[in-house]
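Residue-level structure breakdown
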Amino acid sequence: MKCRMCGEKAAINMRQHKLALCREHYLEWLPQQVQKAIEHYRMFERDERVLVAVSGGKDSLSLWDILWRLGYSTEGLYIGLGIQGEADYSLTSRDLSQKFADERALKLNVVDVRELYGATIPEAATISNRGHGKPCSVCGLVKRHVMNRVARDGGFGVLVTGHNLDDEAAVLMQNTLHWAGGYLVRQAPVLLSTHPGLARKAKPFCRIYERETAAYALLRGIEYIYDECPFAVGSTTLYNKDILNTMEGERPGTKLQFYLSFLQAKEQGLFAPQPPASELNTCLTCGQPTSAPGTCTFCRLWEKVRAASPAARSAAGSPM
Ligand code: Q46
Ligand code: ZN
Ligand code: ZN
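Residues numbered from 1 in each chain as written. Chains lettered and ligands numbered in written order. Predicted model: local features only at pLDDT ≥ 70, side-chain atom pairs only at ≥ 80, totals over all residues. Heavy atoms only, no water.

Description of the overall build of the protein chain
Operational definition: Strands here are runs of E lasting at least two residues and helices are runs of H or I lasting at least four, both read from the DSSP assignment and numbered beginning at the N terminus. Throughout, the radius of gyration refers to the C-alpha atoms, and the reference size of a globule is 2.2 Å times the residue count to the power 0.38. Note on classification: 1.4 Å probe, protein chains only; a residue is buried when its accessible area is under 20% of the maximum for its type, exposed when over 50%, partly exposed between these limits. The contact criterion used is simple: two residues touch if any of their non-hydrogen atoms lie within 4.5 Å. Note on areas: Shrake-Rupley with a 1.4 Å probe; residue coverage comes only from the protein chains shown.
A tally of regular secondary structure across the protein chain gives 13 helices and 10 strands. Over its C-alpha trace the protein chain gives a radius of gyration of 20 Å, about what one expects of a compact globule, namely 20 Å for 320 residues. By principal-axis analysis of the C-alpha atoms, the protein chain measures approximately 65 × 45 × 40 Å. Burial statistics for the protein chain: of 320 residues in total, 50% are counted as buried. Nonlocal contacts in the protein chain, meaning residues at least 24 apart in sequence, comprise 68% of its contacts between residues at least 6 apart. Total accessible area computed for the protein chain in this model is approximately 16,000 Å², and 52% of it derives from carbon and sulfur atoms.

Some points on the packing of helix α2 (residues 58–69) against helix α3 (residues 89–103)
Note the threshold: For every element, the axis is a line fit to its C-alpha atoms; helices are fit only across the contacting stretch, and the angle between N-to-C directions ranges from 0 to 180 degrees. Any angle that is under 35 degrees is reported as roughly parallel, and any over 145 degrees as roughly antiparallel; angles of 65 to 115 degrees are reported as roughly perpendicular and all others as oblique. Asp, Glu, Lys and Arg are counted as charged, while Ala, Val, Leu, Ile, Met, Phe, Trp, Tyr, Cys and Pro are counted as nonpolar; the rest, among them Gly, fall into the polar class.
The N-to-C vectors of α2 and α3 enclose an angle of 10°; their axes lie 11 Å apart at closest approach. By the angle class used here, α2 and α3 are roughly parallel. From α2, Leu-61, Trp-64 and Asp-65 reach across to α3, where they touch Leu-96, Ser-97, Phe-100 and Ala-101. Of the residues in the contact of α2 with α3, the class split is 5 nonpolar, 1 polar and 1 charged.

Some words on the site of ligand 1
Applied cut-off: Only a single heavy atom is needed: when it lies within 4 Å of a molecule or strand, its residue is near that molecule or strand.
The environment of ligand 1 is formed by Ile-83, Cys-136, Cys-139, Lys-143, Cys-229, Phe-231 and Ala-232. Its residues assigned to classes, the shell around ligand 1 shows 6 nonpolar, no polar and 1 charged.

Describing unusual backbone geometry
Its identity as a non-glycine residue notwithstanding, Ala-105 has a phi of 55°, on the positive side. Locating Ala-105 in the fold gives a position in the loop between α3 and β5 (108–112). The backbone of Trp-179 shows a phi angle near 40°, a positive value even though the residue is not glycine. Summarising the element assignment, Trp-179 is placed in the loop between α7 (165–177) and α8 (181–186). Look at Trp-179 and you get exposed, because its relative accessible area is 62%.

Next up, the structure:
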């Protein structure tokens, strides 16, 4: 297989795009695709400061590398969840994120959940008894809160995450199987701020296949954590990804078409519009936007954890 641009040996063949490229041309091509998506979905402008949520994995580190090379003003945010697993998942992912940032003289903001709030994510999930034995709902809640707080306090124009096409298609499949209207309405490449305390969020990799981000990380020589979070094993998302990969294997382009057709249907008004911003309240404890009046779910979670754990109580008073 030869590179379409120069005729040299191809490093990647993308059947879904009918395109094979050598290393050099692939490393040029992918950032161009990302820039196109940023402009097409109006994710952010050249002069906006961008906060990149990084996990130490191939997607978020490749995304940060690309935005940096495209000349955007970026900082990283790593959230230490305190998840161990076989290779001490959290520690390894933190070290790799820090190494990545140091090599490029970029700033990495680190928030360690245990240091700040007094319990790791698995501990908080057990104490609060949320999520029926899996810490993912607590994890998602804490990550959303911390990402938004750091973006808002740091004066960033936008918060970006490394979600790729495979992630988006898997979530879309789940939401479609349940006809989860509320989630379908909110699933988008860019979520505008609907409250002064809410950061704009964007997913510049939403049209990029997971295989393409992995190829970018490998060809660029980015060191990343290969292991998934141990709690991801057996998840519905991975199950949906497997099914979509089977379909993609037989019909290249299926995932992209599924996702893009969904966005198009939304543009054509298939789903009801989002509720107006005025429906959001401000949490009395932390000041972040919350759907119900009073204290937000995040603050209520930690109140419960603190009531049950002396370690968490001594961390009280930390910034929410
Ligand atoms: S939610 Fe669940 Fe992920 Fe958190 S606990 Fe791991 S698998 S990291 S995206
Ligand atoms: Zn080439
Ligand atoms: Zn709150």
